[in-house]
Amino acid sequence: MTIADKTILVTGANRGIGQALVSEALSRGAGRVYAGTRQPLSHPDPRITPLILDVTSAAQIQAAAGQVESLDVLINNAGIWLSDDLSDRAALEQHLAVNLFGMYGVTQAFLPLLTRSRGAIVNNLSVNALAPLPLTPAYAISKAAAFSLTQSLRALWAGRGVRVHAVLTGPVDTDMTRGFDIPKSSAESVAAGIFDGVENGEEDIFPDPYSQAMADSWRGGAAKALERELAGFVAS
Ligand SMILES: NC(=O)c1ccc[n+]([C@@H]2O[C@H](COP(=O)([O-])OP(=O)(O)OC[C@H]3O[C@@H](n4cnc5c(N)ncnc54)[C@H](OP(=O)(O)O)[C@@H]3O)[C@@H](O)[C@H]2O)c1
């Protein structure tokens, strides 16, 4: 998979990693980039087509899908991150609505186009899908669930030629981590790491130095071996 001349859709495209993904797609020669945002977006590059897309709105997802004729790569990037201590069920539901069901709804809507193009789905998750930061447990629960969704989609759609990538991102310098005094990667470098992973065919992408430190042990570990073994039941 190369990005040049491809049609890409990015959700949460107006700021942070999503904005950087749009710029990186353009600089790699994408033919068309659909930029999904909650508010109207204007961009000088004629290859950009803005889409109003709140991923929690079934009506907006349906309308967006109706505006896209073909698609090679869907990047589920939109996400929220709120601090909580699991005492408030609403906080968990809010995270699941965006980070899990938003991803699910957008993916289901675009799977027919991705099947036609034998394209790719790229789910921007987090290292917190593997281990929670207990300052934001609801976020970690939603990312772990979205990782499981990603793994099942991968197994279910492999036979139809759709690749499904998990992006296990470490800390990135965006609005989401403002106020956290920890080492962070730039959104631009992470966007480049994500597209490198897609172009190299890595099913699990570790796009920054923090996450890369665990890439080898993840890929050679028991959980990955079990994922592959269980995925075999789909084929059989
Ligand atoms: N920053 C990190 O350290 C980090 C680490 C690991 C993973 N990630 C993941 O990377 C993704 C992007 O994060 P970021 O750091 O770029 O965060 P960000 O700067 O806070 O941007 C979040 C993006 O998601 C959009 N969004 C939120 N709710 C939405 C909804 N209901 N429908 C559509 N779009 C929605 C926001 O749009 P509005 O402007 O309209 O709010 C914004 O474009 C997220 O999935 C996040 O979990 C981030």
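Residues numbered from 1 in each chain as written. Predicted model: local features only at pLDDT ≥ 70, side-chain atom pairs only at ≥ 80, totals over all residues. Heavy atoms only, no water.

Engineer: Can you lay out the overall build of the protein chain for me, pointing to particular residues and giving the numbers?
Structural biologist: When helices and strands are tallied, the protein chain shows eight helices and seven strands. Against the globule reference of 18 Å for 236 residues, the protein chain gives a C-alpha radius of gyration of 17 Å, in line with a compact fold. Taking all 236 residues of the protein chain together, the buried fraction comes to 50%. For the protein chain, long-range pairs separated by at least 24 residues make up 65% of all intrachain contacts whose partners lie at least 6 apart in sequence. Just so you have it, the protein chain exposes about 11,100 Å², and 54% of that area is on carbon and sulfur atoms. Treating the 18 positive side-chain charges of the protein chain as one cloud and the 23 negative ones as another, the clouds have centres 6 Å apart. (Helix = DSSP H or I, 4+ residues; strand = E, 2+ residues; numbered from the N terminus. Rg over C-alpha atoms; globule rule 2.2 N^0.38 Å. Buried < 20%, exposed > 50% of the residue type's maximum accessible area, 1.4 Å probe, protein only. Contact = heavy atoms within 4.5 Å. Areas by Shrake-Rupley, 256 points an atom, 1.4 Å probe, with all protein chains shown as cover. Lys, Arg positive; Asp, Glu negative; His and termini not counted. Charge placed at Lys NZ, Arg CZ, Asp CG, Glu CD.)

Engineer: An account of the environment of I141 is requested, with residue identities and associated values reported.
Structural biologist: Along the chain, the position of I141 falls in helix α4 (residues 137-157). Residue class for I141 comes out partly exposed when judged on its relative accessible area of 37%. When the C-alpha positions of I141 and L96 are compared, they lie 8.1 Å apart, and in sequence the two are 45 residues distant. Each residue touching I141, except ones within four places of it in the same chain, is listed here: L86 and L92.

Engineer: Summarise the sheet that holds strand β4 (residues 73-76); cite the residues concerned and give the values.
Structural biologist: Pairing within the open sheet is parallel, and its seven strands lie in the order β3-β2-β1-β4-β5-β6-β7. Each edge of the open sheet carries a strand with a single partner, namely β3 (48-52) and β7 (204-205). Of the strand pairs in this sheet, strand β5 (residues 120-124) and strand β6 (residues 163-167) are connected by five bridges, and their pairing is parallel. Residue pairing for β6: N123 is matched across the bridge by A166. Relative to the sheet, helix α1 (residues 16-27) contacts β1 (7-11), β2 (32-37), β3, β4 and β5, its axis offset from that of β1 by approximately 170 degrees. (Pairing = 2+ DSSP bridges. Axes fitted to C-alpha atoms, helices over the stretch in contact; angles between N-to-C directions.)

Engineer: How would you explain the site of the ligand if you had to name every residue and give the values?
Structural biologist: Lining the immediate surroundings of the ligand are 28 residues, of which N14, R15, R38, Y139 and T174 lie closest. At 3.0 Å, a side-chain N or O of D54 approaches a nitrogen atom of the ligand. Between the ligand and V172 there is a distance of 2.7 Å, counted from an oxygen atom to a backbone nitrogen or oxygen. Against a free-state accessible area of 900 Å², the protein chains account for coverage of 94% of the ligand. Of all the secondary structure elements, the ones that give two or more residues to the shell around the ligand are α1 and α4. Residues belonging to the shell around the ligand are distributed by class as follows: eleven nonpolar, twelve polar and five charged. (Near = heavy atom within 4 Å. Polar contact = N/O pair within 3.5 Å; in protein donor to acceptor, adjacent residues only side chain to side chain. Nonpolar A, V, L, I, M, F, W, Y, C, P; charged D, E, K, R; others polar.)

Engineer: Which residues make up the packing of aromatic side chains, and what values go with them?
Structural biologist: The final tally for this structure, using the stated rule, is three aromatic pairs. Ring pairing ties together the aromatic residues W81, Y139 and F180, which thus form one cluster. For R160, the ring lying beneath its charged end belongs to W157, and the centroid distance is 3.7 Å. (Phe/Tyr/Trp six-rings, centres within 6.5 Å; stacked < 30°, edge-to-face > 60°. Lys NZ or Arg CZ within 6 Å of the ring centre and 35° of its normal.)

Engineer: Tell me about the side chain of K224, and name the residues and values.
Structural biologist: Note on placement: K224 falls in helix α8 (residues 222-235). The buried category is assigned to K224, whose relative accessible area is 1%. Among the polar contacts made by the side chain of K224, one reaches the side chain of E227 at a distance of 3.0 Å. Sequence-distant contacts of K224, defined by excluding residues within four places in its chain, comprise R154, E203, D204, W218 and R219.

Engineer: Could you give an account of α4, with specific residues and numbers?
Structural biologist: Its 21 residues place the ends of α4 30 Å apart at the C-alpha level, agreeing with the 30 Å of an ideal helix rising 1.5 Å per residue. Among the 21 residues in α4, 15 count as buried, and that is most of the element. (Expected span 1.5 Å × (residues − 1).)

Engineer: How would you explain the environment of I52 if you had to name every residue and give the values?
Structural biologist: On the secondary structure map, I52 appears in strand β3. Put simply, I52 and T174 are 122 residues apart on the chain and 22 Å apart in space, counted from C-alpha to C-alpha. When residues no more than four places from it in sequence are discounted, the contact partners of I52 are T37, R38, Q39, P40, Q60 and A64.

Engineer: How would you summarise the pairing of β2 if you had to cite specific residues and measurements?
Structural biologist: Of all six residues that make up β2, five are buried, and the element is covered over most of its length. Pairing of β1 with β2, which is carried by five bridges, proceeds in the parallel orientation. Paired with T11 across the bridge in β2 is G36. Traced from β1 through α1 to β2, the parallel crossover comes out right-handed. (Right-handed = clockwise from strand over helix to strand, strands pointing away.)

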